[in-house]
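Analysis of the macromolecular model
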Amino acid sequence: MTFAQSRSLSVVVPVYNAAGELDDCLASLKKTVPDSTPVVVIDDASPDPSVGTVLRAWKGHAGGHWQFHRNAHNLGFVATANRGMEMTIGDVVLLNSDTVVTPGWLRGLQRCLGSDPAIATATPWTNNGEIASFPAFCECNPVPDDPSAVAAVIGASGQALYPEIPTAVGFCMAVSRRAIERIGVFDAQLFGKGYGEENDFSQRAIAKDWRNVIAGDVFVYHRGSASFQGEKSRRVHRAMAILDRLHPSYHRDVATFIERDPLKEVRRRLDWARLQRLSRARNVLIVVH
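Described in the following lines is the structure provided in the data block. All figures in this text were calculated on a predicted structure; none of them were measured in a lab. (Residues numbered from 1 in each chain as written. Predicted model: local features only at pLDDT ≥ 70, side-chain atom pairs only at ≥ 80, totals over all residues. Heavy atoms only, no water.)

**Here we look at the pattern of salt bridges**
Spelled out, the test is: Within this document, salt bridges are pairs made up of a side-chain nitrogen of Lys or Arg and a carboxyl oxygen of Asp or Glu, the two lying within 4 Å of each other. By the criteria applied, helices consist of DSSP H or I runs no shorter than four residues and strands consist of E runs no shorter than two, each listed in order from the N terminus. Only protein chains enter the accessibility calculation, which uses a 1.4 Å probe; a residue is then buried when its area is under 20% of its type maximum, exposed when over 50%, and partly exposed in between.
Enumeration over the complete set of coordinates arrives at nine salt bridges. Between Arg 211 and Asp 116 there is a salt bridge; the shortest N-O distance is 2.8 Å. On the criterion of sequence distance, the pair formed by Arg 211 in strand β8 (residues 211-219) and Asp 116 in the loop between α4 (105-113) and β6 (119-125) is long-range, its members being 95 residues apart. Overall, Arg 211 belongs to the partly exposed group, its relative accessible area being 22%.

Okay, here's the thing in structure tokens:
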């Protein structure tokens, strides 16, 4: 058995409000995740009663390897994610509840983590994920008409390439259990309700000679900021100040990565493949200047 084949993988979905997005997320998980894969859904004491309605409905037919939990009181994303990581064994995918996963996504992340024992985190491509955004870099791209079709193009032409990035992006990050055992879970005391925790984890991983990478043949749709509308700016500002203090080179490293944009040619190739598929499907004329 190879290193990659021997890796187990669980999915943890922290939940807070946004019942409609949650229902879409769980439906996509049910379609794409093998029945034997542990899926842990943790409601962080959502005040919206429709969240409980959605979760009760899913609990009735999700499957024996799905677990549903509710925090007695609101802990915040960071502590809830930590609870999920501590409840599981093996590698773990932390998945926001405002995402829609696509066919082959989990196997692709598992393959990525298994390709190199030094990989701490793997982040897929997405429409809305900062340095992992596709096709436009560091932008919130339009919602794909068919996320599965985009994923199929990326899976077919993305190849199993795993370029290094300065930080994982928290909408969907696969985390090596060996990295968790080496550097610990997220810092809930410092990062509170959320934002910045994955950046800090990634920097701690780099300091221990681990790598954060893009899973180059995986795509996951991300709506973005569905659970914390109105709070993001304040939380991000606070988190960035903490990161400056803990990791003085972090913002410089990210700025250098964005300026150099080493993934530009990879995105260009993938986008060309996407446009070619679109033109065949819809008789679209592509004009390139």
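**A short note on helix α8 (residues 197-207)**
Three or four residues apart is the spacing at which side chains of an α-helix point the same way, because the helix has 3.6 residues per turn. Within α8, eight of the 11 residues are buried, which leaves the element mostly enclosed by the surrounding structure. Taken together, the buried positions of α8 are occupied by Glu 197, Glu 198, Asn 199, Asp 200, Phe 201, Ser 202, Gln 203 and Ala 205. Where α8 ends, the next residue or the one after it, Asp 209, has phi of about 70 degrees, a positive value.

**A closer look at the pairing of strand β4 (residues 91-95)**
The criterion, for reference: A pair of strands is considered paired only if DSSP assigns at least 2 bridges between the two.
Among the five residues of β4, five are classified as buried, and the element is accordingly described as predominantly covered. Because side chains alternate across β4, one face comprises the buried residues Asp 91, Val 93 and Leu 95, and the other comprises Val 92 and Leu 94, equally buried. Both strand β1 (residues 9-15) and β4 contribute to a ladder of four bridges, which runs parallel. Its bridge partner lying in β4, Leu 9 is registered against Asp 91.

**Some details on the layout of surface pockets**
This is how it is decided: Cavity means a closed set of points on a 1 Å grid over the protein atoms alone, one where a 1.4 Å probe fits but cannot get out, pocket means an open set with protein on both sides within 12 Å along at least 5 of 7 lines, and lining means a residue has an atom within 4 Å of a point. Grid points are joined across faces, edges and corners, and a volume is the space filled by probe spheres set on the points. Polarity classes work like this: nonpolar for Ala, Val, Leu, Ile, Met, Phe, Trp, Tyr, Cys and Pro, charged for Asp, Glu, Lys and Arg, and polar for all others, with Gly in that last group.
Considering only enclosed or pocket space, the largest pocket measures out at about 840 Å³ in volume. What lines the largest pocket is a set of 41 residues, among which Glu 130, Gly 170, Tyr 195, Glu 198 and Lys 232 lie closest to the centre. Along the lines of polarity and charge, the residues of the lining of the largest pocket split into 18 nonpolar, 16 polar and seven charged.

**Let's talk about the packing of helix α1 (residues 19-32) against helix α2 (residues 49-59)**
Our working rule: Axis angles are defined between N-to-C directions and span 0 to 180 degrees, where every axis is a line fitted to C-alpha atoms and, for a helix, only to the segment in contact. Throughout this description, any angle smaller than 35 degrees is read as roughly parallel, any larger than 145 degrees as roughly antiparallel, any in the 65 to 115 degree range as roughly perpendicular, and the remainder as oblique. By convention the crossing between two helices is left-handed if the near helix lies anticlockwise of the far one by an angle smaller than a right angle, and right-handed if it lies clockwise. When checking whether two residues touch, look at their non-hydrogen atoms; a contact exists if any pair is within 4.5 Å.
Interhelical geometry of α1 versus α2 gives an angle of 15 degrees and a closest axis separation of 9 Å. Accordingly, the angle class assigned to the pair α1 and α2 is roughly parallel. Here α1 runs over α2; the crossing is right-handed. Of the residues in α2, those touching α1 at Ala 19, Leu 22, Asp 23, Leu 26, Ala 27 and Lys 30 are Ser 50, Val 51, Val 54, Leu 55 and Trp 58. Taken together, the residues of the contact of α1 with α2 break down into eight nonpolar, one polar and two charged.

**What to know about the pairing of strand β3 (residues 66-70)**
Stated precisely, the cut-off is as follows: A right-handed crossover is one whose linking path, passing over the helix from the first strand to the second, runs clockwise when the strands point away from the viewer.
Bridge count for strand β2 (residues 39-43) against β3 is five bridges, and the pairing is parallel. Its bridge partner lying in β3, Asp 43 is registered against Arg 70. Once the chain exits β2 it traverses α2 before rejoining the sheet at β3, and the crossover so formed is right-handed.

**Re unusual backbone geometry**
The omega torsion across Phe 134 and Pro 135 is 5 degrees, close enough to zero to call that bond cis. Within the secondary structure layout, Pro 135 lies in the loop between β6 and α5 (147-157).

**Let's talk about the nonpolar core**
Where we set the bar: By nonpolar core we mean a set of buried residues, namely Ala, Val, Leu, Ile, Met, Phe, Trp, Tyr and Cys, connected to one another through side-chain atoms within 4.5 Å.
Ranked by size, the top nonpolar core spans 53 residues in total, and within it Leu 29, Leu 95 and Trp 105 carry the most contacts. Setting aside residues up to four positions removed in sequence, Leu 29 forms contacts with Val 11, Val 13, Val 39, Trp 66, Leu 95, Val 101 and Trp 105. In this structure, Ile 42, Val 175, Phe 201 and Leu 243 belong to the second largest nonpolar core, which totals 26 residues.

**Focus: the packing of aromatic side chains**
Definition in use: Any Phe, Tyr or Trp ring, taking Trp's six-membered ring, that has another such ring centre within 6.5 Å forms a pair; planes under 30 degrees apart are called stacked, those over 60 apart edge-to-face, and the others tilted.
Inspection of every chain in the model, using the stated rule, returns five aromatic pairs. Between Phe 137 and Phe 257, the aromatic rings sit 6.4 Å apart at their centres with planes inclined by 55 degrees, giving tilted as the arrangement. Separated by 120 residues along the polypeptide, Phe 137 in the loop between β6 and α5 and Phe 257 in helix α10 (residues 250-260) bring together distant segments of the chain. As far as the burial class goes, Phe 137 and Phe 257 line up, both buried. Ring centres of Phe 186 and Phe 201 lie 5.7 Å apart, and the angle between their planes is 85 degrees; on these two criteria the pair is classed as edge-to-face. Here the residue Phe 186 occupies a position in the loop between α6 (177-183) and α7 (188-191), and Phe 201 occupies one in helix α8, the gap between them amounting to 15 residues.

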